[in-house]
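Each chain, letter by letter, is given below.
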Amino acid sequence: MLEPEHGPMMQVEHTRTRCWVCVLSCLLLACLYVGSLYVWRSSLPRDHPSMIKRRCASVLLVSALSPAVVKAWMHWADVRVDASVWELMGVRLEGLVPAAILPLLLTMVFYLGPMIHSAIDNPQGFTGELQSALDVQSWWLCARDAVWLRNQVVAPVTEELVFRGAMLPMLVPCTGPTAAIFTAPLFFGVAHFHHIIEQRRLRKDSMSAILMVSGMQFLYTTVFGAFTAFIFMRTGHVVGPVLCHSFCNSQGLPDISSALQHPQQSALLFSYLMGVLLFLVLLFPLTDTFFYGAIPICSLVAPPASAC
């Protein structure tokens, strides 16, 4: 009588073990990423060019190793799909152009208010903003700046490849697509707590102030991580999250407090509100799978889930 139950019980136990290995693999990647920043013993500040170069080299190495972690997990969990590891991680050609353009356009819509705010404050208005964005010499100067390269290139590429591209394929078979969208960002948010170490070393603020800032950073990095995880799941590409990440790093958090004190407060608040509303309206249409073809990561779910 106990024999029929033995199979299902073993299957449940195997699934539970696989999920633990999935979580531990994600923790391993997060620890490797953050830990690689501290292999260089130095008293230099994080924005010193030498420190930036060393840390960029470290995280690029961890990112290069992340496919091996996913491959090892697939082998251990006996996951067999037609897609390659790179395709599961969002590195593929099908649907590449819309995957690069549409999510970025969606993010820019969300920042409609801040962009109009910046244009109003620019003496040359919208023309000045456009000229600045298209200024080749300005881009050349940025490309030679270590801080800019870290914030706009290396951090978006490596963080999205590790925290979205590598972690989501491991989480999806265990939690399902929707839960994975909200689980993966927790690793991303917690990983940013390492800034507490540097703030304490510099001794610029009190511990309570450092913890408050770190808590806020955890909140918005987790929310942002959920957004880029959603983009990854809907498009099956990592390029969209990378470009959105880079754009958001360039813009920073919307400065609503400044808009409230602006002489053109009503117009600015209206633009901020319209940006959020248009973002919500366009969120699903611009991430419709019609534009991106078959999503490799959805092959890990049986039957295919609606979140894919």
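Presented here is an overview of the structure given in this document. On a predicted model such as this, the values are computed, not experimentally measured, just so you know.

**Description of the nonpolar core**
Inference 1: Core analysis: the largest hydrophobic core is formed by 63 residues, its most contacted members being Phe163, Met167, Leu168, Leu171, Phe227 and Ile297.
Inference 2: Within the residue set of this core, elements represented by two or more residues are helix 1 (3-36), helix 2 (49-77), helix 3 (85-88), helix 4 (96-110), helix 8 (146-175), helix 9 (177-191), helix 11 (207-235) and helix 12 (239-251).
Inference 3: Here this core takes 11 residues from helix 8, the largest share from any one element.
Inference 4: Not counting chain neighbours up to four residues away, the residues in contact with Leu168 comprise Ala180, Ile181, Ala184, Ala229, Phe232, Met233 and Ile297.

**What about a nonpolar patch on the surface?**
Inference 1: A cluster of nonpolar side chains, namely Phe110, Leu273, Val276, Leu277 and Leu280, defines an oily patch on the protein surface of about 420 Å² accessible area.
Inference 2: Along the chain, the position of Leu280 falls in helix 14 (residues 265-282).
Inference 3: By relative accessible area, Leu280 is classed as exposed at 52%.

**Observations concerning the packing of helix 8 against helix 12**
Inference 1: Where helix 8 contacts helix 12, the two axes come as close as 8 Å, and the packing angle between them is 135 degrees. Of the possible angle classes, the one that applies to helix 8 and helix 12 is oblique. Judged by the twist between their axes, the crossing of helix 8 over helix 12 is right-handed. Contact with helix 8, carried on its side by Asn151, Gln152, Ala155, Pro156, Val157, Glu159, Glu160 and Arg164, involves Pro241, Val242, His245, Ser246, Asn249 and Ser250 of helix 12 and no other residues of that element.
Inference 2: Per-class residue counts for the contact of helix 8 with helix 12 are five nonpolar, six polar and three charged.

Rules used in this analysis
Residues numbered from 1 in each chain as written. Predicted model: local features only at pLDDT ≥ 70, side-chain atom pairs only at ≥ 80, totals over all residues. Heavy atoms only, no water. Core = buried A, V, L, I, M, F, W, Y, C linked by side-chain atoms within 4.5 Å. Buried < 20%, exposed > 50% of the residue type's maximum accessible area, 1.4 Å probe, protein only. Helix = DSSP H or I, 4+ residues; strand = E, 2+ residues; numbered from the N terminus. Contact = heavy atoms within 4.5 Å. Patch = residues over 30% accessible without salt bridge, like charges linked within 9 Å, V, L, I, M, F, W, Y side chains within 5 Å. Areas by Shrake-Rupley, 256 points an atom, 1.4 Å probe, with all protein chains shown as cover. Salt bridge = Lys/Arg side-chain N within 4 Å of Asp/Glu carboxyl O. Axes fitted to C-alpha atoms, helices over the stretch in contact; angles between N-to-C directions. Parallel < 35°, antiparallel > 145°, perpendicular 65-115°, else oblique. Left-handed = near helix turned anticlockwise from the far one by under 90°. Nonpolar A, V, L, I, M, F, W, Y, C, P; charged D, E, K, R; others polar.

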